[in-house]
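Structure at a glance
The lines below spell out each chain.
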Amino acid sequence: SRRGRAHRTRSHSGPGCAGSRRNAHAARHRRWRNFESWEETGSIRTPERANVIYKKILEEFEPPAMDPGIREELDSFVERRRSEGGAPTDF
């Protein structure tokens, strides 16, 4: 029947088919490195890698351009709120 053919076609194609799952699995494993290559490159663990990355991001950060008048208003607002005690906290 027509419905049967469509069903068979859908079950063998698309994101859930075995071929797609195999391709996704293979792609994940291509990104992974084995233990030996990880050791050879310094055995850097995720927290240490993240620390280096975030420091680099902060070092390279450039604040976005802002109209000088808006910057002045913002600085004035922040200073006023600080002098008033800032935002209330619940701790």
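First, a word on scope: everything that follows refers to the structure included in this document.

Thresholds applied
- Residues numbered from 1 in each chain as written.
- Predicted model: local features only at pLDDT ≥ 70, side-chain atom pairs only at ≥ 80, totals over all residues.
- Heavy atoms only, no water.
- Salt bridge = Lys/Arg side-chain N within 4 Å of Asp/Glu carboxyl O.
- Buried < 20%, exposed > 50% of the residue type's maximum accessible area, 1.4 Å probe, protein only.
- Helix = DSSP H or I, 4+ residues; strand = E, 2+ residues; numbered from the N terminus.
- Expected span 1.5 Å × (residues − 1).
- Phe/Tyr/Trp six-rings, centres within 6.5 Å; stacked < 30°, edge-to-face > 60°.

So, the pattern of salt bridges
- The tally for this structure, following the rule as stated, stands at four salt bridges.
- Between arginine 80 and glutamate 84 there is a salt bridge; the shortest N-O distance is 3.4 Å.
- Owing to a relative accessible area of 41%, arginine 80 belongs among the partly exposed residues under this scheme.
- In this structure glutamate 84 comes out as partly exposed when scored by relative accessible area, which is 47%.
- Linking arginine 81 and glutamate 84 is a salt bridge whose minimum nitrogen-to-oxygen distance equals 2.7 Å.

Points about helix H5 (residues 68–83)
- With 16 residues, H5 should cover 22 Å at 1.5 Å per step; its first-to-last C-alpha distance of 22 Å lies within 8% of that length.
- Positive phi shows up at glycine 85, right after H5, with a value of about 105°.

Concerning unusual backbone geometry
- Of note in the backbone geometry, serine 43 takes a positive phi value of approximately 55° without being a glycine.
- Relative to the elements of secondary structure, serine 43 occurs in the loop between helix H3 (35–40) and helix H4 (46–60).
- According to the relative accessible area criterion, serine 43 is partly exposed, its value standing at 30%.

Notes on the packing of aromatic side chains
- Summed over the entire model, instances satisfying the criterion amount to one aromatic pair.
- On the numbers, 5.4 Å between centres and 45° between planes, the contact of phenylalanine 35 with tryptophan 38 is tilted. With phenylalanine 35 and tryptophan 38 both in helix H3 and three residues apart, the pair spans about one turn of that helix.

Read these as layout, nothing more, since geometry by itself doesn't imply function.
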